[in-house]
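# Summary of the model geometry
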Amino acid sequence: SNRHEENENQDQDQYLQPGSIFKGRVSRIEHYGCFIDLPGGKRGLLHISQMAPHRVESVESEVQMGDEFFVVVLEIEAGGARIRL
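Residues numbered from 1 in each chain as written. Predicted model: local features only at pLDDT ≥ 70, side-chain atom pairs only at ≥ 80, totals over all residues. Heavy atoms only, no water.

## Overview of the overall build of the chain
- Across its full length, the chain carries one helix and six strands.
- Of the contacts formed within the chain by residues at least 6 apart in sequence, a portion of 50% connects residues at least 24 apart.
- For the chain, the exposed area adds up to about 5900 Å²; of that, 47% sits on carbon and sulfur atoms. (Helix = DSSP H or I, 4+ residues; strand = E, 2+ residues; numbered from the N terminus. Contact = heavy atoms within 4.5 Å. Areas by Shrake-Rupley, 256 points an atom, 1.4 Å probe, with all protein chains shown as cover.)

Set out below in structure tokens:
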């Protein structure tokens, strides 16, 4: 039923908050960063400036499509529609 699915989504959203750590997979690469698929069907943006302690010249020098690693949620905007990692 839809009500059961809504409850599951609410439970997952409770864990999705700034400071949460998730294992994610790179699903899209752009010049400004990469998008990471997170648990529960969510997707977050890992900006190029957050990828490494050093200056990153190109996203592809740090990540490739399908790479998996742990990310930290930095900020959630627009009611969960935009997630910064």
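From this point, the narrative continues.
## Re the side chain of Ser20
- Assignment of secondary structure puts Ser20 in the loop between α1 (2-15) and β1 (21-30).
- Separated by 2.8 Å, the side chain of Ser20 and the backbone oxygen of Gln17 make a polar contact. (Polar contact = N/O pair within 3.5 Å; in protein donor to acceptor, adjacent residues only side chain to side chain.)

## A few points about the nonpolar core
- Judged by nonpolar contacts, the single largest core of 18 residues is most densely connected at Cys34, Ile36, Leu38, Met51, Val59, Val63 and Leu85.
- The set of elements that each furnish at least two residues to this core consists of β1 and β2 (33-37).
- If sequence neighbours within four positions are ignored, Ile36 has contacts with Gly24, Arg25, Val26, Ser27, Lys42, Arg43, Gly44, Leu46, Phe69 and Leu85. (Core = buried A, V, L, I, M, F, W, Y, C linked by side-chain atoms within 4.5 Å. Buried < 20%, exposed > 50% of the residue type's maximum accessible area, 1.4 Å probe, protein only.)

## Observations regarding the packing of aromatic side chains
- Inspection of every chain in the model, using the stated rule, returns one aromatic pair.
- On the basis of an interplanar angle of 90° and a centroid distance of 6.4 Å, the ring pair of Tyr32 and Phe35 is categorised as edge-to-face.
- On the basis of relative accessibility, which here comes to 28%, the residue Tyr32 falls in the partly exposed class.
- You can call Phe35 buried: its relative accessible area is 15%. (Phe/Tyr/Trp six-rings, centres within 6.5 Å; stacked < 30°, edge-to-face > 60°.)

## Re the side chain of Ser27
- Mapping Ser27 onto the fold places it in strand β1.
- For Ser27, the side chain forms a polar contact with the side chain of Asp37, separated by 3.1 Å.
- Separated by 3.3 Å, the side chains of Ser27 and Arg43 make a polar contact.
- The contacts of Ser27, once residues within four sequence positions are left out, are Phe35, Ile36, Asp37, Arg43 and Met65.

## Structural notes on the confidence of the model for the chain
- On average, the chain scores 86 in pLDDT, and the residues at 70 or more come to 82%.
- Throughout residues 1-10 the model reports pLDDT below 50, and contacts reaching past four residues in sequence, or to other chains, amount to zero contacts. (pLDDT = per-residue confidence, 0-100.)

## Notes on a nonpolar patch on the surface
- Taken together, the side chains of Ile21, Phe70, Val72 and Leu74 present a nonpolar region at the surface, about 400 Å² in accessible area.
- Examined against the element boundaries, Phe70 turns out to sit in strand β4 (residues 68-72).
- Taking relative accessible area as the criterion, Phe70 reaches 60% and is therefore assigned exposed. (Patch = residues over 30% accessible without salt bridge, like charges linked within 9 Å, V, L, I, M, F, W, Y side chains within 5 Å. Salt bridge = Lys/Arg side-chain N within 4 Å of Asp/Glu carboxyl O.)

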